[in-house]
Amino acid sequence: QKEVEQDPGPLSVPEGAIVSLNCTYSNSAFQYFMWYRQYSRKGPELLMYTYSSGNKEDGRFTAQVDKSSKYISLFIRDSQPSDSATYLCAMSAFQGGSEKLVFGKGTKLTVNP
Amino acid sequence: DAMVIQNPRYQVTQFGKPVTLSCSQTLNHNVMYWYQQKSSQAPKLLFHYYDKDFNNEADTPDNFQSRRPNTSFCFLDIRSPGLGDAAMYLCATSSQGSQYFGPGTRLLVL
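Residues numbered from 1 in each chain as written. Chains lettered and ligands numbered in written order. Predicted model: local features only at pLDDT ≥ 70, side-chain atom pairs only at ≥ 80, totals over all residues. Heavy atoms only, no water.

Participant: Please set out the side chain of Glu57 of chain B residue by residue, giving values where relevant.
Facilitator: Relative to the helices and strands, Glu57 of chain B is located in the loop between strand E6 (53–56) and strand E7 (64–67). Residues contacting Glu57 of chain B, with those up to four places away along its chain left out, are Lys100 of chain A together with Leu45, Leu46 and His48 of chain B. (Helix = DSSP H or I, 4+ residues; strand = E, 2+ residues; numbered from the N terminus. Contact = heavy atoms within 4.5 Å.)

Participant: Give a description of the interface of chain A and chain B that names residues and reports values.
Facilitator: Facing the 20 residues of chain A at the interface are 25 residues of chain B. Regarding the contact of chain A and chain B, the summed buried area is about 1,700 Å², with carbon and sulfur atoms giving 54% of it. On inspection of chain A and its partner chain B, the count reaches three residue pairs in polar contact (both at pLDDT 80 or more). Those elements giving two or more residues to the side of chain A that touches chain B turn out to be strand E4 (32–38), strand E5 (45–50), strand E9 (85–95) and strand E10 (98–103) of chain A. No other element matches E10 of chain A, which puts five residues into the side of chain A that touches chain B. (Buried area = accessible area lost by both parts, 1.4 Å probe. Polar contact = N/O pair within 3.5 Å; in protein donor to acceptor, adjacent residues only side chain to side chain.)

Participant: Explain the sheet that holds E7 of chain B to me, using residue names and the numbers behind them.
Facilitator: Residues and elements named next belong to chain B. Strand order across the open sheet formed by four strands is E1-E3-E8-E7, with antiparallel pairing between neighbours. The sheet terminates laterally at strand E1 (4–7) and E7, the two strands that pair on one side only. Adjacent strand axes in the sheet meet at a mean angle of 20° when their direction is disregarded. One ladder, built from six bridges, connects strand E3 (residues 19–25) with strand E8 (residues 73–78); its direction is antiparallel. Bridging from a neighbouring strand, Cys23 pairs with Cys74 of E8. (Pairing = 2+ DSSP bridges. Axes fitted to C-alpha atoms, helices over the stretch in contact; angles between N-to-C directions.)

Here is the structure:
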């Protein structure tokens, strides 16, 4: 079993739809949970960062962490064509004084006008 | 603005010709990372530094080397690039659990 599992999609939705992106993980040592957005041919951009179970909201984006189920989600409300990108979940645990990030494979999202 | 800067954004090299990619950061973070990302794949960690302490991943090819002369700069050297090394190379820094990525350098090997 891989440490982080993410459905690669692709996912195609109409503009205005609610999008749900999910990852599961197996390593209970993970302490930090992140979602990155990556546009084509660009570096990943940090979208959301959480370190505890529960919900965190930022504008149209909500990150949800359920440590008991080892499951994280990213919800996008009122999706826009500009949200079309690959979304990578990532999680980390401190190892020897530095954080090592483990990424999901990424989900490619297309929002159609 | 504080950021992670990578140069060049695009690099073309010939098979077997050494190439160096550079990264600088104005975030003053202790930890810096180099990742390789191939098309439709997640970034793959090559190296990371905690201050000047160097750590390479077990499966990072010997062809890849890294240098960090000071807190702000980090270099990735590819001694003899092969066709399979064509990829996006991402530099990142981290603070308190989250990582911040540069825009990447796309390497083409001819």
